[in-house]
Amino acid sequence: MIMGTKKIEILNGVVTEFGLTPEQVIENWAVEGKISADFLNLVANKVKQPSNVNFKQPEIILPGMFYYAKENLISPDIIDGLRLSGVVGYVDDSKKHGLIIGLYDTELPWSSDFFGIGNFGVTDSGREVTKWILAAAQEQGRKAEAVQWCANYAFDGISEGSGFLPSKDEWQKVAKNIRNVNLSLERVNARILKGYYWSSSECSANGGVWFVKLSDGKAFRNGKTNIFNVRCAFAF
């Protein structure tokens, strides 16, 4: 892998010659495995960026709006020159807080070695449960692939460690807004939310986990070694 100052020089050269954004080039490198998540964040702070950017966040936030992590901005618009980080999945009654859905997903087992912490019925906060699962898995030397992937997520200006696997209840709230969310994802050529997604919510003491069909919000139980879609979320 090319690293350090040399790679930054190459990046700025590509940006100038071909009229691309730095983020478009970085994304291509990341997808091809040419840079690490740590280096992705390093480069993002050193390449050419738009100047004098000053946008106001709307007083009322709605599902389907666009999230720009570096600016900590939510907007109804796709803003030229800013790197899009995600789409609003749902908003609470205050219309100021809720869940952001990342632009990428993958397919993984929840745990290939049947690990679990028995969190069923404890909380509907995917962020809290993600922390508990990671801490217990590390302590016991066990695998929690779906949750770990979300915690490692570091694309599009998102800081590693800020992402989490949504709970069953959180996914069901997103499912109520699926049309607006998917329309926004389509506008930016991101993969829409389609099919079945793991949640962070265990459903029984015998190792079952809830997964959710996002087209209608229906939840089902399955064993942890099965493979389903995994999508990262972020709180705002």
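Our structure's up above, just so we're on the same page.
The rules behind these values
- Residues numbered from 1 in each chain as written.
- Predicted model: local features only at pLDDT ≥ 70, side-chain atom pairs only at ≥ 80, totals over all residues.
- Heavy atoms only, no water.
- Helix = DSSP H or I, 4+ residues; strand = E, 2+ residues; numbered from the N terminus.
- Contact = heavy atoms within 4.5 Å.
- Areas by Shrake-Rupley, 256 points an atom, 1.4 Å probe, with all protein chains shown as cover.
- Core = buried A, V, L, I, M, F, W, Y, C linked by side-chain atoms within 4.5 Å.
- Buried < 20%, exposed > 50% of the residue type's maximum accessible area, 1.4 Å probe, protein only.
- Axes fitted to C-alpha atoms, helices over the stretch in contact; angles between N-to-C directions.
- Parallel < 35°, antiparallel > 145°, perpendicular 65-115°, else oblique.
- Left-handed = near helix turned anticlockwise from the far one by under 90°.
- Phe/Tyr/Trp six-rings, centres within 6.5 Å; stacked < 30°, edge-to-face > 60°.
- Lys NZ or Arg CZ within 6 Å of the ring centre and 35° of its normal.
- Polar contact = N/O pair within 3.5 Å; in protein donor to acceptor, adjacent residues only side chain to side chain.

Regarding its fold elements, the protein chain presents 7 helices and 8 strands. The long-range share in the protein chain, meaning contacts at least 24 apart out of those at least 6 apart in sequence, stands at 62%. As displayed, the protein chain offers around 12,000 Å² of accessible surface, 49% of which is attributable to carbon and sulfur atoms.

This part is about the nonpolar core. The nonpolar side chains of a soluble globular protein tend to be buried with one another. Counting residues in hydrophobic clusters, the biggest one holds 53 residues, and the most contacted among them are L165, W171, L193, W198 and L214. Aside from chain neighbours lying at most four places away, what touches L165 is W110, G126, T130, A146, V147, C150, W198, S199, S200, V230 and R231.

Axis separation between helix α4 (residues 126-140) and helix α5 (residues 145-152) bottoms out at 10 Å; the angle between their running directions is 110°. Taken together, the axes of α4 and α5 lie roughly perpendicular to each other. Crossing of α4 over α5 shows left-handed handedness. Residues T130, I133 and L134 of α4 form the contact with α5, whose participating residues are V147, Q148 and A151.

With that out of the way, let us pick up the packing of aromatic side chains. Considering all chains together, one arrives at 13 aromatic pairs under this definition. Aromatic side chains Y196 and F211 sit 5.6 Å apart centroid to centroid with 65° between the ring planes, which places their arrangement in the edge-to-face category. One end of the pair, Y196, is in strand β5 (residues 196-202); the other, F211, is in strand β6 (residues 208-213), and 15 residues separate them in sequence. The partly exposed category is assigned to Y196, whose relative accessible area is 34%. The ring of W210 is capped by K168, whose NZ or CZ atom sits 5.3 Å from the centre of that ring.

Mapped onto the secondary structure, A146 falls in helix α5. Along the backbone, A146 and E107 are 39 residues apart, and their C-alpha atoms lie at a distance of 8.2 Å. Apart from residues no more than four positions distant in its own chain, A146 is found in contact with L108, P109, W110, L165, W198 and V230.

This part takes up the side chain of S111. Secondary-structure assignment places S111 in the loop between β4 (98-109) and α4. Take S111: its relative accessible area is 0%, and that puts it in the buried class. A polar contact is formed between the side chain of S111 and the backbone nitrogen of F114, at a distance of 3.3 Å.

This brings us to unusual backbone geometry. When glycine is set aside, most residues are seen to have a negative phi, and most peptide bonds are trans. Located in the positive-phi region is K95, a residue other than glycine, with phi close to 65°. Along the chain, K95 turns up in the loop between β3 (86-91) and β4. In this structure K95 comes out as partly exposed when scored by relative accessible area, which is 36%. The phi dihedral of F114 is positive, around 65°, even though this residue is not glycine.

Read these as geometric descriptors, not functional statements.
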